[in-house]
Amino acid sequence: MMTAIPSGNNRQTTVEAWKDPSQEPYIRLENVTKKFGDFTAVDNISLDIFKSEFFSLLGPSGCGKTTLLRMLAGFEQPTSGRILLDGEDMSKVPPYLRPVNMMFQSYALFPHMNVEKNIAFGLKQDGVPSPEIKTRVDEVISMVQLEQFAKRKPHQLSGGQRQRVALARSLVKKPKMLLLDEPLGALDKKLRTRTQFELMNIQEETGITFVIVTHDQEEAMTVSSRIAVMDHGRIIQTATPTEIYEVPNSRYVANFLGEVNIFEGRVAENARDHVLIQSQEAGCTIRADHGIDAADGATVWVAVRPEKMYINLEAPDDPNTNCMTGQVWDIGYLGNLSIYHIKLDSGTMVTMARTNKERVVERKITWDDRVYVTWAPDAGVVLLS
Amino acid sequence: MRKGLSPFNIVSLVMGFSFLYLPILLLVLFSFNESKLVTVWGGFSTKWYGEMIRNEGLMDAAWMTLKIAVVSSTFATILGTIAGLVMVRFGSFRGRLLFSGMIYAPLVMPEVITGLSLLLMFVAISLDRGFLTITIAHITFSMCYVAVVVQSRMVTFDQSIEEAALDLGCPPMRTFFTVTLPIIMPAVVSGWLLSFTLSLDDLVIASFTSGPGSTTLPMKIYSSVRLGVTPEINAISTILVGLVTVGVLVASYVSRRQTLIRQRDERLAAAEAT
């Protein structure tokens, strides 16, 4: 997944509410735990989500992200802990009274109603007068560009169109929070990318707080203001897409988002502004330009992204720091990138990526070449777990 | 791909179908017999149909049967639908297997035993046997058929559709009537038809639970046959066969048409998308 480029996120322009201590969170989870029998699906999660955020819950299947979403919708009750929405405790509120709507993974359209009626359903339940229903339904139908299909039934629509109906149906009530359960999972890649941008536009237009569940890291990176990476019912890290990618807090997060090389080593020198790590796997001393909270001699891991590495035939000035030697094992040509697999002298395999800025006619570096792999001291991240 | 009809195939076909339909064909044929003797052809006539309509006993029994069938199948459908829903919805609990087994048991229970046990119960609570007892008995045994039909539909029902309704502000009870019921309606209707037919042609249980003045058509036919088959019986049987045939044909035509339309729509939608 080399295409997972940290998004220069479109929402960076808006105020980063999570960094502002005076901001009240819009949705607050306090020590939420959910058990199914002996199985703990969600394990003591506390989380704040702010108004108008596009928040992603990212994790592999079975990590508890869907359970968390279903608790927000009210389909599951937390075993312990509280969920607050706009200051109100949601624990005792049944799903049909919550100001929250959900877009289901299967879309869950009503097969016996046409597009219009599907979308109008929620408003009808609230006793909205029918002229107003008409205008509001028409409004969302045009927002998702389904005007020609208003009278069709779900089975007369393609997958992409059904997805839009499901989105329109959950938007029409202008909920305080919109939950999206793998909303684009059933679409093909091209359509998915297009829809991601549409989702972002709609979110910006309506200002509704979106909480999306996904296992697709690229999708989460593209759309989110912040991402919570989950594993085994716990949140491992909550941060912006850029932070998650550039400053992961653990090997799990580093591995989950994109490709990464990880070298185990021991702390040799730990100062305020840098750290030196002796690594057998890398076969050199690793310097990272940030201090860490670990004693000398402690085992740590250094994560370096493939695109942040350089490959050279000649030795650099300082061949002992952030410099590994090895042999080109394999080259993958992806068009925009070339992926090099390099077998280090220590036996470790390293993946590095190179953008093909010039047209590749004849490779300067090719199979079986002895090479030096280097990276800048600020390119690597030291991980404690 | 198509194989020619070998003589073996033709013979099997003819034998199979004659085995199934020859008796019924004879019955229909002889209902148009001029002669009173059932086995001797005396020329074409529809007089037995007139006789049948004038036969008050026969008509009363037919009317009674129809009333019982409508009432019992309606109640059986309501109860069976609830049972079917509950069996799917409750998930697993201790004794689930026992419960589901107990719903299916009447399907394989010998009718004589069901009839007898119902009779014993009605006697025990000293309920006068008649229309009410037959109806109750029919509800009892046809309910499980409905439960089975509805349950098999519910297994493939996407539960998130109901959740979507709840999520959009529809309370559970209303969700059932506006979303769940319309979607499972075909299963409910076929359950109703099934129990209607079962009630219509039940002889054994009705004989156990009927009282004076409440004779159903199958009972009437059975008792008249013991005195000798009359062409009138052939006539009413022919009408029954005709009704069932038409019903089955219409039902299969409608469902076939629906599937075809649906498939066409889906193809169109997929073609448009590309």
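Residues numbered from 1 in each chain as written. Chains lettered and ligands numbered in written order. Predicted model: local features only at pLDDT ≥ 70, side-chain atom pairs only at ≥ 80, totals over all residues. Heavy atoms only, no water.

**What to know about the pattern of salt bridges**
Scanning all chains against the criterion turns up 25 salt bridges over all chains. As a salt-bridge pair, Glu 76 of chain A and Arg 70 of chain A come within 3.3 Å of each other at their nearest N and O atoms. Considered together, Glu 76 of chain A and Arg 70 of chain A belong to a single accessibility category, that of buried residues. Between Asp 265 of chain B and Arg 264 of chain B there is a salt bridge whose closest N-O contact spans 3.5 Å. With relative accessibility at 45%, the residue Arg 264 of chain B sits in the partly exposed group. Counted as one network, the salt bridges with shared partners bring together Glu 30, Arg 82 and Asp 89 of chain A. (Salt bridge = Lys/Arg side-chain N within 4 Å of Asp/Glu carboxyl O. Buried < 20%, exposed > 50% of the residue type's maximum accessible area, 1.4 Å probe, protein only.)

**Regarding the domain arrangement of chain A**
Residues and elements named next belong to chain A. According to the domain assignment, chain A consists of domain 1 (10–99 + 175–254) and domain 2 (261–383). Between the C-alpha centres of domain 1 and domain 2 there is a distance of 34 Å. With 9 residues of domain 1 in contact, the opposing surface of domain 2 contributes 8 residues. Note on domain 1 versus domain 2: buried area summed over both sides is about 740 Å², and carbon and sulfur give 55% of it. Across the contact surface, domain 1 and domain 2 share 1 salt bridge. A salt bridge links Lys 308 to Glu 246; the nearest nitrogen and oxygen atoms lie 3.0 Å apart. Inspection of the region where domain 1 meets domain 2 yields 4 residue pairs in polar contact (both at pLDDT 80 or more). Contributions of two or more residues to the side of domain 1 that touches domain 2 are made by helix H7 (241–246) and helix H8 (251–256). (Domains from an automatic or database assignment. Contact = heavy atoms within 4.5 Å. Buried area = accessible area lost by both parts, 1.4 Å probe. Polar contact = N/O pair within 3.5 Å; in protein donor to acceptor, adjacent residues only side chain to side chain. Helix = DSSP H or I, 4+ residues; strand = E, 2+ residues; numbered from the N terminus.)

**A short note on the sheet that holds strand S1 (residues 27–36) of chain A**
All names here are of chain A. Spatial ordering of the open sheet is given by S2-S1-S4-S5, a layout of 4 strands whose pairing is antiparallel. Of all the strands in the sheet, just strand S2 (39–49) and strand S5 (88–89) have a single pairing partner and so form its edges. Strand direction decides the pairing type here: S1 and S2, joined by 7 bridges, are antiparallel. From the neighbouring strand, Lys 35 faces S2, where its bridge partner is Thr 40. The sheet contacts of helix H1 (residues 65–73) involve S1, S2 and strand S4 (80–85), and relative to S1 the element is tilted by about 115 degrees. (Pairing = 2+ DSSP bridges. Axes fitted to C-alpha atoms, helices over the stretch in contact; angles between N-to-C directions.)

**Focus on the packing of helix H2 (residues 115–125) of chain A against helix H4 (residues 159–171) of chain A**
Residue and element names in this part refer to chain A. Contact geometry for H2 and H4: axes closest at 7 Å, N-to-C directions at 25 degrees. It follows that H2 is roughly parallel to H4 by the angle criterion. Judged by the sense of rotation from one axis to the other, the crossing of H2 with H4 is right-handed. Listed contacts from H4 to Val 115, Asn 118 and Ile 119 of H2 are Val 165, Ala 168 and Arg 169. For the contact of H2 with H4, a count of residues per class yields 4 nonpolar, 1 polar and 1 charged. (Parallel < 35°, antiparallel > 145°, perpendicular 65-115°, else oblique. Left-handed = near helix turned anticlockwise from the far one by under 90°. Nonpolar A, V, L, I, M, F, W, Y, C, P; charged D, E, K, R; others polar.)

**A short note on the interface of chain B and chain A**
Between chain B and chain A, the residue contacts involve 24 residues of the former and 28 residues of the latter. Between chain B and chain A the total buried area reaches about 2,200 Å² when both faces are included, carbon and sulfur atoms providing 59% of it. The largest share of the area that chain B buries against chain A comes from Glu 163, Asp 167 and Leu 168 of chain B, three residues that together contribute 31% of it. Where chain B touches chain A, the interface holds 1 salt bridge.

**Considering the pairing of strand S13 (residues 284–288) of chain A**
Residues and elements named next belong to chain A. Among the 5 residues that make up S13, 4 are buried, leaving the element largely enclosed by the rest of the structure. Sheet analysis places strand S12 (residues 275–279) next to S13, joined by 5 bridges and oriented antiparallel. Within S13, the position partnered with Gln 278 by the bridge is Thr 285. Between S12 and S13, which pair antiparallel in sequence order, lie 4 residues; one of them, Gly 283, sits at a positive phi of approximately 75 degrees.

**A closer look at the sheet that holds strand S18 (residues 349–355) of chain A**
All names here are of chain A. Read from one edge of the open sheet, 5 strands run S15-S19-S16-S17-S18, paired in antiparallel fashion. Two strands close off the open sheet at either side, each with one partner strand: strand S15 (309–312) and S18. Each strand of the sheet is rotated relative to its neighbour by a mean of 45 degrees, with strand direction disregarded. The pairing of strand S16 (residues 323–333) with strand S19 (residues 370–375) spans 5 bridges and is antiparallel. Looking at S19, one finds that Cys 323 is bridged to Thr 374.

**So, the UniProt feature "domain: ABC transporter" (unreviewed entry) in chain A**
Listed under "domain: ABC transporter" (unreviewed entry) in the UniProt record, and renumbered for this structure, are residues 27–257 of chain A. The span residues 27–257 of chain A shows a helical share of 36% and a strand share of 26%, and its end C-alpha atoms are spaced 25 Å apart. (UniProt positions renumbered as here; feature names shortened; annotations may be inferred.)

**Comments concerning the pairing of strand S7 (residues 177–181) of chain A**
Across a regular strand the side chains alternate sides, sitting on one face of the sheet and then on the other. Residues and elements named next belong to chain A. Along S7, 5 of the 5 residues are buried, which leaves the element largely enclosed by surrounding structure. Here strand S6 (residues 100–103) pairs with S7 via 4 bridges, running parallel. Counterpart to Asn 101 in the pairing with S7 is Leu 178. Across 5 bridges, the pairing between S7 and strand S8 (residues 209–214) is parallel.

**With respect to the UniProt feature "domain: ABC transmembrane type-1" (unreviewed entry) in chain B**
Using the residue numbers shown here, the UniProt feature "domain: ABC transmembrane type-1" (unreviewed entry) corresponds to residues 62–251 of chain B. Here residues 62–251 of chain B is 82% helix and 0% strand, with 23 Å between the C-alpha atoms at its ends.

**Here's the deal with the nonpolar core**
Residue and element names in this part refer to chain A. Of all hydrophobic cores here, the largest spans 50 residues; its most connected members are Leu 29, Leu 57, Phe 110, Leu 179 and Val 211. In this view, Val 211 contacts Ile 49, Phe 55, Leu 57, Leu 69, Leu 72, Met 177, Leu 178, Leu 179 and Leu 180; residues no more than four positions away in its chain are not counted. By size, the runner-up hydrophobic cluster in this structure holds 35 residues, among which are Phe 54, Val 137, Leu 167 and Met 200. (Core = buried A, V, L, I, M, F, W, Y, C linked by side-chain atoms within 4.5 Å.)

**Considerations on the UniProt feature "transmembrane region" (unreviewed entry) in chain B**
Here the UniProt feature "transmembrane region" (unreviewed entry) sits at residues 12–32, 68–90, 102–125, 131–150, 176–194 and 233–254 of chain B. In residues 131–150 of chain B, helix accounts for 100% and strand for 0%; the two terminal C-alpha atoms are 27 Å from one another.

**Thoughts on helix H2 (residues 47–54) of chain B**
All names here are of chain B. Considered for burial, the residues of H2 that qualify are Trp 48, Tyr 49 and Met 52. Down the axis, H2 shows its buried residues gathered within 105 degrees of arc, on one side only. Set apart from the buried face of H2 by more than 90 degrees, the exposed residues are Ile 53 and Arg 54. (Arc of directions from axis to C-beta.)

**Quick word on the confidence of the model for chain B**
Taken residue by residue, chain B gives an average pLDDT of 86. The fraction at 70 or more is 98%. For chain B, per-element mean pLDDT is lowest for helix H4 (residues 96–108) of chain B, which scores 80, and highest for helix H7 (residues 159–167) of chain B, which scores 93. (pLDDT = per-residue confidence, 0-100.)

**Topic: the environment of Glu 307 of chain A**
Residue and element names in this part refer to chain A. Position of Glu 307 among the secondary structure elements: in the loop between strand S14 (299–304) and S15. Each C-alpha atom of the pair Glu 307 and Val 373 lies 12 Å from the other, and the pair is 66 residues apart in sequence. For Glu 307, the side chain forms a polar contact with the side chain of Tyr 245, separated by 2.8 Å.

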